[in-house]
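Breakdown of the fold
Residue strings, one per chain:
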Amino acid sequence: MFALSPMWTKLGTAGVLLVMAFLSSIAPRYFMSSNVNFFSLGNMMASGVLLGASLVHILPDAQELFNSSDNNNSYPWASFICGLTFTAFLVLEEL
């Protein structure tokens, strides 16, 4: 059986990552020149993934932190700040 040493495995992995990073960096330029709508759709999908991940994973922890810091206030400040920030970015983007 042929086994590679750890050094060659790491070098091969680094080479593959280098090629993939290069291809990923030139792909938007290619897609933007060929079809602008396709590039815009990709941006919207990526933004939706990031927004969904932040709402699902980060917002509950922020709500818990806000609730534990002030016991007299039951207003969901973390959700309010999140919604206000989202609205501000949306308004700034449309200007």
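Predicted, not measured: the structure shown is a model, and the values here were computed from it.

**Overview of the packing of aromatic side chains**
Scanning the entire structure with this criterion turns up three aromatic pairs. Between Trp77 and Phe80, the ring centres sit 5.7 Å apart and the planes meet at 85°, which makes this aromatic pair edge-to-face. With Trp77 and Phe80 both in helix α3 (residues 77–94) and three residues apart, the pair spans about one turn of that helix. The class for Phe80 is partly exposed, based on a relative accessible area of 37%. Grouping aromatic residues by their ring pairs yields a cluster made of Tyr75, Trp77 and Phe80.

**What to know about a nonpolar patch on the surface**
Where nonpolar side chains cluster on the molecular surface, the patch consists of Val16, Val19, Met20, Phe22, Leu23 and Ile26 and spans about 570 Å² of accessible area. For Val19, the location among the structural elements is in helix α1 (residues 6–34). According to the relative accessible area criterion, Val19 is partly exposed, its value standing at 47%.

**Details of the confidence of the model for the chain**
Per-residue confidence for the chain gives a mean pLDDT of 83; residues scoring 70 or more make up 94%. Ranking the helices and strands of the chain by mean pLDDT puts α1 first, with 87, and helix α2 (residues 36–69) last, with 83.

About the thresholds
- Just so you know, the residues in each chain are numbered from 1, in the order the chain's sequence is written.
- In keeping with the predicted nature of the model, local features appear solely for residues at pLDDT of at least 70, side-chain atom pairs appear and are counted solely at 80 or more, and the whole-chain, interface and lining totals rest on all residues.
- Side-chain measures here rest on the full set of heavy atoms in the structure, leaving out hydrogens and waters.
- Centres within 6.5 Å are what make two rings of Phe, Tyr or Trp a pair, Trp counting through its six-membered ring; a difference in plane orientation under 30 degrees is then read as stacked, over 60 as edge-to-face, and the rest as tilted.
- Helix numbers and strand numbers start at the N terminus; a helix is a DSSP run of H or I with at least 4 residues, a strand a run of E with at least 2.
- Categorising residues by exposure relies on relative accessible area from a 1.4 Å probe, with only protein chains included: less than 20% of the type maximum marks a residue as buried, more than 50% marks it as exposed, and the intermediate range marks it as partly exposed.
- To count toward a patch, a residue needs a relative accessible area above 30% and no salt bridge. Like charges then connect within 9 Å, nonpolar side chains (Val, Leu, Ile, Met, Phe, Trp, Tyr) within 5 Å.
- Only the protein chains shown count as cover for residues, and all accessible areas are computed by the Shrake-Rupley method using a 1.4 Å probe.
- We define a salt bridge as a side-chain nitrogen of Lys or Arg found within 4 Å of a carboxyl oxygen belonging to Asp or Glu.
- The predictor attaches a confidence to each residue, and that confidence, scored 0 to 100, is pLDDT.

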